[in-house]
Amino acid sequence: MAMMSSTTVAADTVAQESENLSAWIQHHVQNSSEWVLPGYKLELPHFPPIHLFGIEIDLSISNHVIMLWVAGLVTILLFTLAFKRKGLIPGGLGILIEWLVIFVRDEIAIANMGEEHGRKFTPLLVTFFFFILTANLIGLIPLFTTSTGNVNVTAGLAVITLLSTQFFGIKEHGLFGYYKSLVPHGVPLLLWPLMFVVEIMGIIAKHVALTIRLFANMIAGHIVLFAFLGLIILFKTFIVSPVSVGFGVFVYFLELLVALIQAYIFTMLSALFIGMSVNPEH
Amino acid sequence: MLELDPGMMIWTWITFFVVLVVLSKVALKPILTTIEDREKAIREDLEQAQKQREEAEQLLQKHRELMANTESEAQRLLKESRELAEQRRQELLKQAREESQKVVEQAKKEIEQEKENALISLRTEIADLAVNAAEKIIMHNLDEEKQKAIVNEYIKSLPKSAKN
């Protein structure tokens, strides 16, 4: 009986611990209004929320906003530092950046949009790529958090893609022409309203998928990473630490790869969507 | 984790557009221009190189043809001059032979002439000598009587018809 009760107690403790653990992980990947620096907890400014059209908009500078700014600054600095030169031949970091810019231009923009549109959209796509890549990679640095692990950030980026597809599609083909081009050729007239609704839903689904893909990929790595480290706390023993740290390091490297791949995929799909709206199937 | 936060979304847009604008103005425009300039420069260089290569090949072809022509020309000239020399040699040889023939003939003729002359003069000399000798002998041996006798003898020996 005593043994049973002690087992129950242990089970309860484990359950409680794991609950604490999940709360701890949640806390780590979530947005917050503070930035924990070594030995100092920076309280970020908090503004009262604005009510607009019945929506509560909280424009306070949260942790992820700071991370976005850092990512933006790093991106801009990377480019300005790499290209402080004259002439046609780059050096050092410039070569890498330039290679990536050429890659985005040739393999992503021009490959999906065609020569003319590809060149026009290259700045947008390069910004997407480098901004997302830096935001992803910054999340891997201790003390920094992953802003792209916030669904609102990825949704914001996906909305930019969505608005670009609609805006440039309409600009290219006219309001009526663009929405007419959504429905594939050869559809009977009676099915047009249905097909139109389906296509609109398809567009929304594509961009929701774009949002969730980046968000889930970025947050999943961090959750796994914290979960591995949390095992040490959960089991209250250092014996598991080699396993935890080993897997943690493995996941960290995986995360580096995922950061790059997700930035590429987001840019690639944005290019594809914009390309599809500016040159619809003939 | 999935709660909506419009403020965050707005901040994302603001940040993204600031980055987009700054990057486009500060970095991307010059970078893309540089890349395109470089690509253009490389393409032009390649085209130029191609053109120059073609030109060089044409030149080489021409040069080779010229060389071949020159070779055959030289061969022809050599042959011609050899023939000419041979011809000239034959001519000279023939001429020399004729010349020597002529000289020999001339010499022979001269020798003949000289011999003739010598003979004539010798004959005259001998005749004179003989006459002189005969005169001397005759002067020595002949007196009036003998002379008369001889004349008579001579007259007697004349043919009969001459007597009339």
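Scroll up a little and you will see the structure.
Quick caveat, the model's predicted, so the values are computed rather than measured. (Residues numbered from 1 in each chain as written. Chains lettered and ligands numbered in written order. Predicted model: local features only at pLDDT ≥ 70, side-chain atom pairs only at ≥ 80, totals over all residues. Heavy atoms only, no water.)

A.B. asks: Outline the nonpolar core, supporting the account with residue identities and numerical values.
C.D. replies: Core analysis: the largest hydrophobic core is formed by 60 residues, its most contacted members being F79, V101, L125, F128 and L157 of chain A. Every element with two or more residues in this core is listed here: helix 2 (63–82), helix 3 (93–113), helix 4 (115–138), helix 5 (151–173), helix 7 (192–235) and helix 8 (241–278) of chain A together with helix 1 (6–141) of chain B. For this core, the element with the most residues is helix 4 of chain A, which contributes twelve residues. Ignoring any residue separated from it by four or fewer positions in sequence, one finds L157 of chain A in contact with F128, F131, I132, L214 and F266 of chain A together with T12 and F16 of chain B. By size, the runner-up hydrophobic cluster in this structure holds eight residues, among which are V29, V151, F226 and L234 of chain A. (Core = buried A, V, L, I, M, F, W, Y, C linked by side-chain atoms within 4.5 Å. Buried < 20%, exposed > 50% of the residue type's maximum accessible area, 1.4 Å probe, protein only. Helix = DSSP H or I, 4+ residues; strand = E, 2+ residues; numbered from the N terminus. Contact = heavy atoms within 4.5 Å.)

A.B. asks: If you had to explain the side chain of T12 of chain B to someone new, which residues and values would you point to?
C.D. replies: Tracing the backbone through its elements, the reader meets T12 of chain B in helix 1. The exposure class assigned to T12 of chain B is buried, which follows from its relative accessible area of 0%. Once residues within four sequence positions are removed from consideration, T12 of chain B is found in contact with L68, N152, V153, G156 and L157 of chain A.

A.B. asks: Quick one: what's the story with the pairing of strand 1 (residues 34–37) of chain A, residue by residue and with numbers?
C.D. replies: All names here are of chain A. Sheet topology places strand 1 next to strand 2 (residues 40–43); four bridges connect them, and they run antiparallel. Opposite L37, over in strand 2, you have Y40 as the bridge partner. Here strand 1 folds back onto strand 2, and the loop between the two strands holds two residues, one of which, G39, carries a positive phi near 75°. (Pairing = 2+ DSSP bridges.)

A.B. asks: Residues and numbers for the interface of chain B and chain A, please.
C.D. replies: Chain B puts 33 residues into the contact, and the matching count from chain A is 50 residues. Both faces considered, chain B and chain A share a buried interface measuring about 3500 Å² in area, 78% of it formed by carbon and sulfur atoms. On inspection of chain B and its partner chain A, the count reaches four salt bridges. A salt bridge links R38 of chain B to E98 of chain A; the shortest N-O distance between them is 2.0 Å. Viewed at the interface, chain A and chain B are joined by five residue pairs in polar contact (both at pLDDT 80 or more). Looking at the side of chain B that touches chain A residue by residue, the classes come out as 22 nonpolar, five polar and six charged. (Buried area = accessible area lost by both parts, 1.4 Å probe. Salt bridge = Lys/Arg side-chain N within 4 Å of Asp/Glu carboxyl O. Polar contact = N/O pair within 3.5 Å; in protein donor to acceptor, adjacent residues only side chain to side chain. Nonpolar A, V, L, I, M, F, W, Y, C, P; charged D, E, K, R; others polar.)

A.B. asks: Before we move on, can you summarise a nonpolar patch on the surface with the specific residues and values?
C.D. replies: Together, L137, L229, V245, V249, F253 and L256 of chain A make up a nonpolar patch on the protein surface, roughly 470 Å² of accessible area in all. Here the element with the most residues in the nonpolar patch is helix 8 of chain A; it accounts for four residues. (Patch = residues over 30% accessible without salt bridge, like charges linked within 9 Å, V, L, I, M, F, W, Y side chains within 5 Å. Areas by Shrake-Rupley, 256 points an atom, 1.4 Å probe, with all protein chains shown as cover.)

A.B. asks: Can you lay out the packing of helix 5 of chain A against helix 8 of chain A for me, pointing to particular residues and giving the numbers?
C.D. replies: Relative orientation and spacing of two packed helices are given, respectively, by the angle between their axes and the distance between those axes. Residues and elements named next belong to chain A. One can describe the packing of helix 5 onto helix 8 by two numbers: an axis separation of 8 Å at closest approach and a directional angle of 20°. When the interaxial angle is binned, helix 5 and helix 8 end up roughly parallel. Judged by the twist between their axes, the crossing of helix 5 over helix 8 is right-handed. Contacts from L157, A158, T161, S164, T165, F168, G169, E172 and H173 in helix 5 reach F266, S270, F273, I274, S277 and V278 in helix 8. In terms of residue class, the contact of helix 5 with helix 8 is made up of seven nonpolar, seven polar and one charged. (Axes fitted to C-alpha atoms, helices over the stretch in contact; angles between N-to-C directions. Parallel < 35°, antiparallel > 145°, perpendicular 65-115°, else oblique. Left-handed = near helix turned anticlockwise from the far one by under 90°.)

A.B. asks: Explain the side chain of Q166 of chain A to me, using residue names and the numbers behind them.
C.D. replies: All names here are of chain A. By the secondary structure assignment, Q166 is in helix 5. Looking at Q166, the relative accessible area reads 13%, which means it is buried. In this structure the side chain of Q166 is engaged in a polar contact, spanning 3.1 Å, whose partner is the side chain of T165.

A.B. asks: Hey, could you go over the packing of helix 3 of chain A against helix 8 of chain A for me, with residue numbers and the actual values?
C.D. replies: Residues and elements named next belong to chain A. With their axes 8 Å apart at the nearest point, helix 3 and helix 8 run at an angle of 35° to one another. Considering the relative orientation of helix 3 and helix 8, their crossing is right-handed. Packed against helix 3, whose contacting residues are F103, I108, N112 and M113, the element helix 8 presents Y264, T267, M268, A271, L272, I274 and G275 at the interface. Residues belonging to the contact of helix 3 with helix 8 are distributed by class as follows: eight nonpolar, three polar and no charged.

A.B. asks: A description of the environment of L37 of chain A should follow, citing residues and the corresponding values.
C.D. replies: Residues and elements named next belong to chain A. By secondary structure assignment, the location of L37 is in strand 1. In this structure L37 comes out as partly exposed when scored by relative accessible area, which is 27%. When the C-alpha atoms of L37 and F144 are compared, they prove to be 8.9 Å apart, with 107 residues separating the residues in sequence.

Geometric values such as these leave the question of function open.
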